Amino acid sequence: MSNVLEVQGLHAGYGAGDILKGVELTVAEGSVVTIIGPNGSGKSTLVKTLTGLLRTRQGDIVLKGKSVKDLSPPERVRAGMSYVPQEYNVFRNLTVLENLQIAHEFMSAGRGGKRGKPLSDEMEALFPELPSRYKALAGNLSGGQRQMLAFACALTVKPEVLVMDEPSAGLSPKYMTDIFDCVKRVNEMGVSVLMVEQNAIEALRISHRCIVMANGRVRLASDAAAVLGMRELQSLYLGDVKEAEAPASAAAG
Ligand SMILES: Nc1ncnc2c1ncn2[C@@H]1O[C@H](COP(=O)(O)OP(=O)(O)O)[C@@H](O)[C@H]1O
Ligand SMILES: [Mg+2]
């Protein structure tokens, strides 16, 4: 299977020192990859670097065989990588419909085709709570509905890879289940997914691969099922796993 995304020796940071210190990972076409790791390990920094909000200092980001590290965030979206930020991911003072329209027009300039319905039949089925709320202000939605809207906005451009930073953060158990169910269904439609998650068990149940980050590096890359079966799962995302505890099949890559 070929890789839709390859991250090679990636360095990035905010000030003098690097936060990401040589991150290596791949996302196989059609797969769901979940990144876990302790707070401050660089997960959001990685997402920001992949999506172009933070400059790549060293290394490369290869999307469908082409380097995107020097592209702007909108150019990366047009190249096929869409992004759902962790926070501030919708315009709260605009309606649901306006959010969807802006997402489509802004993100897909030069890429998207003609615009018909705000959401395709497929997307309406995926986000059944949105169509009846097109005229509602996004700020008046529940947290779960707002996350669904952000998700729908990211999908309006028909991405090859969807990058999500903690999509279930702060959601009620019901919406957490719904969000992961949506991720699974979107993946079944052919979209590869790279997501950061704190709710490791729920996320790994719908994932093919798991990547554990610690201190700005990939500590472990393994099949999600293997990580779910590890007794040390808790310590993995708390960040104190030792090399010897990793299963033999879990070589980084
Ligand atoms: N905007 C920023 N400016 C300076 N340092 C930051 C900024 N954002 C994050 N950091 C630092 O980068 C490190 C990694 O943070 P982050 O990528 O948010 O971790 P995670 O998402 O894994 O919790 C932390 O030490 C954090 O303090
Ligand atoms: Mg984070």
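Residues numbered from 1 in each chain as written. Chains lettered and ligands numbered in written order. Predicted model: local features only at pLDDT ≥ 70, side-chain atom pairs only at ≥ 80, totals over all residues.

**Q** Before we go on, may I ask you to explain the overall build of the chain in this structure?
**A** Within the chain, the secondary structure is distributed over nine helices and 10 strands. Classification of the 253 residues of the chain by burial places 44% in the buried group. Taking contacts inside the chain between residues at least 6 apart in sequence as the whole, the part at least 24 apart equals 67%. (Helix = DSSP H or I, 4+ residues; strand = E, 2+ residues; numbered from the N terminus. Buried ≥ 20, exposed ≤ 12 C-beta atoms within 10 Å, placed from the backbone. Contact = placed C-beta atoms within 7 Å.)

**Q** Looking at this model, I keep getting lost on the sheet that holds strand 10 (residues 217-223). Mind explaining?
**A** The pairing of strands in a sheet comes from backbone hydrogen bonds and takes either a parallel or an antiparallel form. The strand order across the open sheet built from six strands is 6-7-8-3-9-10, with neighbouring strands paired in mixed fashion. Each edge of the open sheet carries a strand with a single partner, namely strand 6 (81-84) and strand 10. Across the sheet, the axes of successive neighbouring strands diverge by a mean angle of 20 degrees, strand direction being ignored. In terms of strand pairing, strand 3 (residues 32-36) meets strand 9 (residues 209-214) through four bridges, oriented parallel. If you follow Val33 over to strand 9, its bridge partner there is Arg209. (Pairing = 2+ DSSP bridges. Axes fitted to C-alpha atoms, helices over the stretch in contact; angles between N-to-C directions.)

**Q** Explain the confidence of the model for the chain here, please?
**A** A low pLDDT means the predicted coordinates there should not be read in detail. The predicted model of the chain averages 88 in pLDDT, with 88% of residues at 70 or higher. Below pLDDT 50 for its whole length, residues 241-253 participates in 24 contacts with residues either more than four positions away or in separate chains. (pLDDT = per-residue confidence, 0-100.)

**Q** Any chance you could explain the sheet that holds strand 2 (residues 20-28) here in plain terms?
**A** Read from one edge of the open sheet, four strands run 2-1-4-5, paired in antiparallel fashion. In this open sheet, the two strands that pair with only one neighbour each are strand 2 and strand 5 (66-67). Here strand 1 (residues 3-12) pairs with strand 2 via seven bridges, running antiparallel. Among the inter-strand pairings, Ala12 is bridged to a residue of strand 2, identified as Leu20. Along the sheet face, helix 1 (residues 43-51) touches strand 1, strand 2 and strand 4 (58-63) and points at about 70 degrees away from the line of strand 2.

**Q** Mind showing me how you'd approach the environment of Lys135 here?
**A** Within the secondary structure, Lys135 sits in the loop between helix 4 (121-126) and helix 5 (143-155). A residue is classified by how many C-beta atoms lie within 10 Å of it, and Lys135, with 9 of them, is exposed. In contact with Lys135, other than residues within four places in its own chain, are Thr95 and Leu97.

**Q** For this particular structure, what's the right way to read the environment of Val32?
**A** Along the chain, Val32 turns up in strand 3. As for Val32 and Val183, which are separated by 151 residues in sequence, their C-alpha atoms are 8.5 Å apart. Val32 has contacts with Val183, Asn187, Val193, Ile206, Ser207 and His208, leaving out every residue within four places of it along the chain.

**Q** Help me out: how do you make sense of unusual backbone geometry in this one?
**A** Only a minority of non-glycine residues have a phi that is not negative, and only a minority of peptide bonds are not trans. The phi angle at Lys158 is positive, at roughly 50 degrees, despite the residue not being glycine. The topology assignment puts Lys158 in the loop between helix 5 and strand 7 (161-165). Judged by C-beta crowding, with 15 C-beta atoms within 10 Å, Lys158 ranks as partly exposed. At Glu166, a residue that is not glycine, the phi angle is positive and equals roughly 50 degrees. In this fold, Glu166 is placed in the loop between strand 7 and helix 6 (173-188). For Glu166, a count of 22 C-beta atoms within 10 Å puts it in the buried group.

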